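A closer look at the structure
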Amino acid sequence: MQKLIAAIAGRLVIVVPYLWLFLFFLVPFFIVLKISMSEVAMAIPAYQPVFDLAQGLAANFEKLKQLSLDNYRWLLDDALYFKAYVSSLSIAAVSTVLTLLVGYPLAYGMARAPSTLRPTLLMLVILPFWTSFLIRVYAWIGILKPEGLLNQFLIWAHVIDTPLTILNTNTAVFIGIVYSYLPFMVLPIYSSLDKMDYSLIEAAQDLGCPPLTAFWKITFPLSIPGVIAGCFLVFIPAVGEFVIPDLLGGSQTLMIGKTLWSEFFSNRDWPVSSAVAVVLLVILVVPIVLFQRAQARAQESGR
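This report concerns the structure included in the present document. (Residues numbered from 1 in each chain as written. Predicted model: local features only at pLDDT ≥ 70, side-chain atom pairs only at ≥ 80, totals over all residues. Heavy atoms only, no water.)

Turning next to the overall build of the protein. Each helix and strand in the protein was counted, giving 13 helices and two strands. Principal axes of the C-alpha set define a box for the protein whose edges measure 75 × 75 × 35 Å. Element-wise, carbon and sulfur atoms account for 70% of the exposed surface of the protein, whose accessible area totals about 18900 Å². (Helix = DSSP H or I, 4+ residues; strand = E, 2+ residues; numbered from the N terminus. Areas by Shrake-Rupley, 256 points an atom, 1.4 Å probe, with all protein chains shown as cover.)

The structure is reproduced here in structure tokens:
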């Protein structure tokens, strides 16, 4: 009996994650995919055809034939969406690099800090999550606007004579993304550095290796898994970011999140907005899958 319970429990451990992915990823994805191949309609819901199991399989099969790829052709024909995708990817990439440049020294300092001080430093990194994300973004408006705290301080310090125009520019978007997603970069890198055996650094220095060379040849390579995880955690949500570009970037900042919101809520074009979301998901998922396969092959060849 105990063996049977253990076998069932072992199967559940495997089945539950796949069931979770099926219910909360694949099912919503196929719903969005179906809507993206529908036509817009002035109805509730705002698309046709609508499947109804009560009508039987034959009627639903006929509706299935009405699905088309016209919305995807529309995305290819309209340059706005291409520009939005390119702009989103470039802004997310630059923001990820900036977040890495800021986050790595923080994580390194936390990992090399005394063990009694590390929990406090870790709490300070997580502390912004205790405040509403929207409130934190609105706070940056008060800091970056022409009469805001930053310009007032720079004028008081005689660094500038006239206020800088930072709000409603891509610079403000970069600042907002770096600030908002910095913990997602710091925590994985800190986790990798905290597990590192620092006796390797001491051995390298005993053999005459300069500190900077020891860092690039030992510390940084060992922290690469955390760097990769942090870059993914920042880049993926930054591509589809809506709140930060809308509040800090203004109308001139073109990102796919704002375009998606406009199609869904302003134009009520659910099929086109669903097609935009599907293409965005493919753009993000396919490179990650290819990267994971390349890493798996590299690990196998290394063995």
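Residues Q48 and P49 are joined by a peptide bond in cis, for which omega reads 0°. By secondary structure assignment, the location of P49 is in the loop between strand 2 (47–48) and helix 2 (57–64). Even without glycine at this site, H158 takes up a positive phi of about 60°. Position of H158 among the secondary structure elements: in the loop between helix 7 (149–156) and helix 8 (170–194). You can call H158 exposed: its relative accessible area is 70%. (Buried < 20%, exposed > 50% of the residue type's maximum accessible area, 1.4 Å probe, protein only.)

Counted under the stated rule, the structure contains two salt bridges. Between R73 and D70 there is a salt bridge, with its nearest N and O atoms 2.6 Å apart. On the criterion of helical spacing, the pair formed by R73 and D70 is a turn pair, its members being three residues apart in helix 3 (residues 70–77). Of the residues examined, D70 reaches a relative accessible area of 43% and is grouped as partly exposed. (Salt bridge = Lys/Arg side-chain N within 4 Å of Asp/Glu carboxyl O.)

This part covers helix 12 (residues 256–266). All of the buried residues in helix 12 are I256, G257, K258, T259 and E263. One or two residues past the end of helix 12 sits R268, with phi positive at roughly 50°.

This part takes up the packing of helix 9 (residues 199–206) against helix 10 (residues 211–239). Helix packing geometry: the angle between the two helix axes and the distance between the axes. Running from N to C, helix 9 and helix 10 point in directions that differ by 150°, and their axes come no closer than 10 Å. For the element pair helix 9 / helix 10, the angle class is roughly antiparallel. Crossing angle aside, the handedness with which helix 9 passes helix 10 is right-handed. For the pair helix 9 and helix 10, the contacting residues are L200, I201, A204 and Q205 in the first and P211, A214, I218, T219 and L222 in the second. (Axes fitted to C-alpha atoms, helices over the stretch in contact; angles between N-to-C directions. Parallel < 35°, antiparallel > 145°, perpendicular 65-115°, else oblique. Left-handed = near helix turned anticlockwise from the far one by under 90°. Contact = heavy atoms within 4.5 Å.)

A few words now on the side chain of E263. Mapped onto the elements, E263 comes out in helix 12. For E263, which is buried and forms no salt bridge, the nearest opposite charge comes from R268, at a distance of 11 Å. One polar contact links E263 to N267, side chain to side chain, over a distance of 3.4 Å. (Lys, Arg positive; Asp, Glu negative; His and termini not counted. Polar contact = N/O pair within 3.5 Å; in protein donor to acceptor, adjacent residues only side chain to side chain.)

This part takes up the packing of aromatic side chains. This model, assessed by the stated rule, comprises 18 aromatic pairs. An aromatic cluster is defined as three or more aromatic residues linked by ring pairs; in this entry it consists of Y47, F242, W261, F264, F265 and W270. (Phe/Tyr/Trp six-rings, centres within 6.5 Å; stacked < 30°, edge-to-face > 60°.)

Turning our attention to the environment of E300. With respect to the secondary-structure elements, E300 resides in helix 13 (residues 270–302). Given the relative accessible area of 56%, E300 is considered exposed.

Our next topic: the side chain of S95. Inspection of the secondary structure puts S95 in helix 4 (residues 79–112). Take S95: its relative accessible area is 0%, and that puts it in the buried class. At 2.7 Å, the side chain of S95 forms a polar contact with the backbone oxygen of I91. With near-sequence residues (within four places) excluded, S95 lies in contact with F174, I177 and V178.

Here we take up the environment of A229. Tracing the chain through its elements places A229 in helix 10. Measuring from C-alpha to C-alpha, the distance between A229 and T99 comes to 13 Å, with 130 residues separating the pair along the chain.

Let us look at the environment of V50. Assignment of secondary structure puts V50 in the loop between strand 2 and helix 2. Sequence-wise, V50 and D77 are 27 residues apart; in three dimensions their C-alpha atoms are separated by 26 Å. Not counting the four nearest positions on each side in its chain, V50 is found in contact with K34, P45 and K63.

By themselves, these are just geometric observations and shouldn't be taken as functional.
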